[in-house]
Amino acid sequence: MNTRMTLPLAFAVLSLAACKPDPVTPEPRVDPPLVLLSYDASNQSAPLLPGGSYEGAIRLSALRLSPFAGGTLQDVYVYIQDLPASATLKIYRGAVAGTPGELVYSEPVFEELTANSWNQHVLKRTVVLEDNTEYWIAFSFAHSRPQSVLGCDPGPASVDGDWMFDGADGQWRPLVLRTSGQIDINWNIRAVVNP
């Protein structure tokens with residue numbers, strides 16, 4: 001049974017759809033020395049967002065990345081429920097006033113995506129993790145009608161696990177704050193680091 005809960009988001013509506021089983025790909029795993037960094041648990045659902053442009057991101061703080069300084073980001077996994085009209089994987093270095101800083105990697109990924117599945121993107125250019133620097137791993141997408149695109153876990157949200165940019169207001173804010181605590185999740189975004 002597919003149950004939907006509807007909640008306000010700015011002037012739009014979003015909801016969390018009941019989770020569908022993941023028959024296509026298993027949970028992402030890596031073997032040492034690679035390290036998988038994320039805030040999420042297994043996929044539970046995906047917020048239903050009105051037509052528009054969005055970015056869902058996780059913020060990896062300088063403290064969290066300190067053991068991996070000098071290492072490289074190698075891959076990124078995202079769970080996609082419904083295919084959007086367009087999609088780009090982005091990596092930002094640093095932050096400015098609580099928002100992502102310099103865009104250091106941007107690659108269209110729509111052609112790589114499979115619906116209701118974990119999707120892996122192997123970085124086409126090396127991104128070296130600088131010491132004392134945070135990185136934001138973002139999945140940017142757009143669609144013209146309401147869709148559930150970027151997967152999430154059941155929550156509760158970690159401090160840096162649910163950042164969202166909404167093109168309608170041009171702001172980065174945690175999803176839990178955008179929905180006054182009613183949607184309390186972490187994005188299914190996972191970064192693979194080669195230390």
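These numbers were taken from a predicted model, which means no experiment stands behind them.

Asks: Would you mind showing me how to read the side chain of N188 here?
Replies: Position of N188 among the secondary structure elements: in the loop between helix 2 (175-178) and strand 14 (189-194). At 2.8 Å, the side chain of N188 and the side chain of N43 are in polar contact. A distance of 2.9 Å separates the side chain of N188 from the backbone nitrogen of C152, its partner in a polar contact. Residues contacting N188, with those up to four places away along its chain left out, are D40, A41, S42, N43, Y77, V78, Y79, W118, L150, G151, C152 and D153.

Asks: Would you mind going over empty space enclosed by the protein with me for this structure?
Replies: Empty pockets left among the atoms are what a rolling probe the size of a water molecule brings to light. If you walk through the whole model with that rule in mind, you get one cavity of 30 Å³ or more. Looking at the largest cavity, its volume works out to about 50 Å³. If you trace the largest cavity, you find it lined by V76, V78, L89, V109, E112, L113, N119, Q120 and H121. When contributions to the lining of the largest cavity are tallied by element, the ones reaching two or more residues are strand 6 (72-80) and strand 9 (117-128). Per-element accounting of the lining of the largest cavity gives the leading share, three residues, to strand 9. Split into classes, the residues belonging to the lining of the largest cavity amount to five nonpolar, three polar and one charged.

Rules and cut-offs
Residues numbered from 1 in each chain as written. Predicted model: local features only at pLDDT ≥ 70, side-chain atom pairs only at ≥ 80, totals over all residues. Heavy atoms only, no water. Helix = DSSP H or I, 4+ residues; strand = E, 2+ residues; numbered from the N terminus. Polar contact = N/O pair within 3.5 Å; in protein donor to acceptor, adjacent residues only side chain to side chain. Contact = heavy atoms within 4.5 Å. 1 Å grid on protein atoms, 1.4 Å probe; cavity = no way out; pocket = protein on both sides within 12 Å on 5 of 7 lines; lining within 4 Å. Points joined across faces, edges and corners; volume = space filled by probe spheres on them. Nonpolar A, V, L, I, M, F, W, Y, C, P; charged D, E, K, R; others polar.

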